[in-house]
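Survey of secondary and tertiary structure
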Amino acid sequence: MSNYFYTKQDRQIQPTSDPNLNQKAQIRLAQLWHDRDRLNIPDYFLDNWDKVALYDPSGDVDKAKSLLINSNEGAYHLDNQLNDLTGKEWVKFSCSWFIFNALKEDLQAEKALDSTTEHHPATFSPTMIAEFIRFFTKKGDKVLDPFCGIGSTLEACKRTERVGYGIELNPKYYQLCLKRAPEFSPNIFNHDVQDILNLGLPQIDFCIASPPYWNILNRSTKDFKKTRQKKELDINYSVSQQDLGNIEDYDLFLEKLTQIYFNIYQLLKDDAYIVVIVKNIKKSGKMYPLAWDLAKSLTTKYVLKDEKIWIQDKIGLAPYGYPYSWASNILHHYCLILRKET
Ligand SMILES: C[S@@+](CC[C@H](N)C(=O)[O-])C[C@H]1O[C@@H](n2cnc3c(N)ncnc32)[C@H](O)[C@@H]1O
């Protein structure tokens, strides 16, 4: 007879040997199968239902609320309204930092799609964003990237079977988004995100983006500009006045970015999370704590839940400041996690 009930013994998930518990679990599983649509059980379990067992760590089959296929993968809790992850996967993502460097496969796929994808000066990886999407949404949920660049978030939505929405000011990058995620074409806008409330967007389940890091690109080193210009790559996002990356004044930039996220607040479903990926930056020997200032300014509306620090450890160190003064190479970003709590 198959094992339909698992419990925790000696700190390990083990099948029960009690035939009564097994039989009770089998009956409960049949009931869960019957109620599967209402319970919103992830496809992975539905597709493998003949292998699914019920799990309760304390051994109470009547109170058991977790589904298990393979104890190494962990169990899925039926009360999980946030995502489709097992407890083990959930906990793994909860680490407050992670190391991630650009992936060759992602870059190759972008280039194969269109050689001009590398024109954009600051993209993030769909593989990295897919991890956030998997944590903060369920399959089929609506995910918004209000600064979608060449569509990395939209690509991550494709991979995770979520519905992507994006806004991008630069028509060249917008076209690349359409090419990269044609299935989301009606949801992708070549528009100024400051006008987001007039785009007729639906209610959004999760928002993730990396906005311009103030006007950092306009202040890049001569080397950065020279190397990119030589390869005919963009050295900034655009020359448009609506481009947030062209705002000179730090306080004005912060105010405008904050207002954009306040507008997005109106589009979010209750309890939705947003993730804003930003960096603290330096200008003329002074640090501008953009990540911290933004976290503070957004808390007028959102609840700041956490930070997850993204570290890049494969970027060469430049001798900034040497041999006169302290100046770090900033190789970490803050993934600010905020929530709409009403
Ligand atoms: C850091 S990049 C995002 C890149 C994106 N995550 C990707 O992987 O392709 C920021 C983007 O914001 C866009 N942007 C700047 N100001 C904007 C505005 N007012 N409305 C919409 N997009 C804007 C820029 O053109 C740029 O592509």
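Just so it is clear, the model here is predicted, and its values are computed rather than measured.

Definitions and cut-offs
- Residues numbered from 1 in each chain as written.
- Predicted model: local features only at pLDDT ≥ 70, side-chain atom pairs only at ≥ 80, totals over all residues.
- Heavy atoms only, no water.
- Core = buried A, V, L, I, M, F, W, Y, C linked by side-chain atoms within 4.5 Å.
- Buried < 20%, exposed > 50% of the residue type's maximum accessible area, 1.4 Å probe, protein only.
- Helix = DSSP H or I, 4+ residues; strand = E, 2+ residues; numbered from the N terminus.
- Contact = heavy atoms within 4.5 Å.
- Pairing = 2+ DSSP bridges.
- Axes fitted to C-alpha atoms, helices over the stretch in contact; angles between N-to-C directions.
- Near = heavy atom within 4 Å.
- Polar contact = N/O pair within 3.5 Å; in protein donor to acceptor, adjacent residues only side chain to side chain.
- Nonpolar A, V, L, I, M, F, W, Y, C, P; charged D, E, K, R; others polar.

Once that is clear, we can look at the nonpolar core. Ranked by size, the top nonpolar core spans 73 residues in total, and within it Tyr261, Ile277 and Tyr302 carry the most contacts. With ten residues, helix α10 (residues 250-267) is the largest single contributor of residues to this core. Not counting residues within four places of it along the chain, the set of residues in contact with tyrosine 261 comprises Pro146, Phe147, Cys207, Ala209, Pro211, Ile274, Val276, Leu298 and Tyr302.

Here we come to the sheet that holds strand β5 (residues 75-77). Spatially, five strands are ordered β2-β1-β3-β4-β5 in an open sheet, and the strand pairing comes out mixed. What marks the edges here is a single partner per strand, and that holds for β2 (12-15) and β5. This sheet shows a mean twist of 35° between the axes of neighbouring strands, independent of strand direction. Sheet analysis places strand β1 (residues 5-9) next to β2, joined by four bridges and oriented antiparallel. Looking at the pairing, lysine 8 lines up with isoleucine 13 of β2.

All right, on to unusual backbone geometry then. With an omega of 0°, the peptide bond running from tyrosine 322 to proline 323 counts as cis. Tracing the backbone through its elements, the reader meets proline 323 in the loop between β14 (303-311) and β15 (332-339). Phi is positive for aspartate 271, which is not a glycine, with a value near 70°. Here aspartate 271 lies in strand β11 (residues 268-278). The exposure class assigned to aspartate 271 is partly exposed, which follows from its relative accessible area of 39%.

Right, let's talk about the site of the ligand for a bit. Neighbouring residues of the ligand: 23 residues in total, closest His120, Ser152, Glu168, Asp192 and Gln242. Interatomic distance of 2.6 Å between a side-chain N/O atom of serine 152 and an oxygen atom of the ligand. One of the backbone nitrogen or oxygen atoms of leucine 244 is found 3.0 Å away from a nitrogen atom of the ligand. Of the residues that constitute the shell around the ligand, the class distribution is twelve nonpolar, eight polar and three charged.

Spatial relationships are all this shows, so hold off on functional conclusions.
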